Amino acid sequence: MKLHTTNYENTFIAIADDSPATSGEVPPVKGDTKTVASMQFEIVNKNPYKFTSDDVLFHVFAERKDLSENELEEARQQFFSKGQACFRASPLTKRYGWGVHHNENGKMALYSSGTAEYEKFMNDRNIKVVKAMKSGK
């Protein structure tokens, strides 16, 4: 079975052109339920450069599906047997003003738009800069 990946290396995902955020915003939690955005934010923000995009996306999927430890390996193979949306489609980059840097090992960290660090990545000629996907047409 072919496995797909959402991982990037030496890449910075800039916020979408139509993002309403001018700086990084912490995604809200809806009642007792964590949103996909809040789960992604919590994992990456607390663990900069520890996880790849695949790790984060699958962790959120597994947590939302309440998978047991025994189910994880097979579920991960199933999950990546078909293409998944990458962090260019994440609410963090589309709505909440967070840029995502992927280092040479594919590990990622968040950077708030409007900061010096964000601008440094935007102007770094040694990495690829891609925009998050727009929300509208």
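Structural data are supplied above this passage.
Overview of the structure. (Residues numbered from 1 in each chain as written. Predicted model: local features only at pLDDT ≥ 70, side-chain atom pairs only at ≥ 80, totals over all residues. Heavy atoms only, no water.)

1. Points about the side chain of His102
- With respect to the secondary-structure elements, His102 resides in strand S2 (residues 98-102).
- Of the residues examined, His102 reaches a relative accessible area of 0% and is grouped as buried.
- Setting aside residues no more than four positions away along its own chain, His102 makes contact with Tyr8, Glu9, Asn10, Thr11, Ile13, Ser53, Lys107 and Met108. (Helix = DSSP H or I, 4+ residues; strand = E, 2+ residues; numbered from the N terminus. Buried < 20%, exposed > 50% of the residue type's maximum accessible area, 1.4 Å probe, protein only. Contact = heavy atoms within 4.5 Å.)

2. Considerations on the environment of Gln40
- Looking at where Gln40 falls in the secondary structure, it is placed in helix H1 (residues 36-46).
- The buried category is assigned to Gln40, whose relative accessible area is 4%.
- Along the primary structure Gln40 and Leu92 are separated by 52 residues, whereas in three dimensions their C-alpha atoms are 7.9 Å apart.
- If we ignore the near neighbours within four places in the chain, the residues touching Gln40 are Val56, Leu57, Val60, Phe87, Ser90, Pro91 and Leu92.

3. Considerations on a negative patch on the surface
- On the surface, a cluster of negative charge is made up of Glu63, Asp66, Glu71, Glu73 and Glu74.
- For Glu73, the location among the structural elements is in helix H3 (residues 72-79).
- On the basis of relative accessibility, which here comes to 63%, the residue Glu73 falls in the exposed class. (Patch = residues over 30% accessible without salt bridge, like charges linked within 9 Å, V, L, I, M, F, W, Y side chains within 5 Å. Areas by Shrake-Rupley, 256 points an atom, 1.4 Å probe, with all protein chains shown as cover. Salt bridge = Lys/Arg side-chain N within 4 Å of Asp/Glu carboxyl O. Lys, Arg positive; Asp, Glu negative; His and termini not counted. Charge placed at Lys NZ, Arg CZ, Asp CG, Glu CD.)

4. Details of the sheet that holds strand S1 (residues 11-14)
- The mixed open sheet is built from four strands, whose spatial order is S3-S2-S1-S4. Looking at strand neighbours, the two that pair on one side only are strand S3 (108-112) and strand S4 (128-131), the edges of this open sheet. Ignoring which end each strand starts from, the neighbouring axes of this sheet average 20° apart.
- Taken together, the three bridges between S1 and S2 define a ladder with antiparallel strand orientation. Of the residues in S2, the one forming a bridge with Thr11 is His102.
- Along the sheet face, H1 touches S2 and S3 and points at about 105° away from the line of S3. (Pairing = 2+ DSSP bridges. Axes fitted to C-alpha atoms, helices over the stretch in contact; angles between N-to-C directions.)

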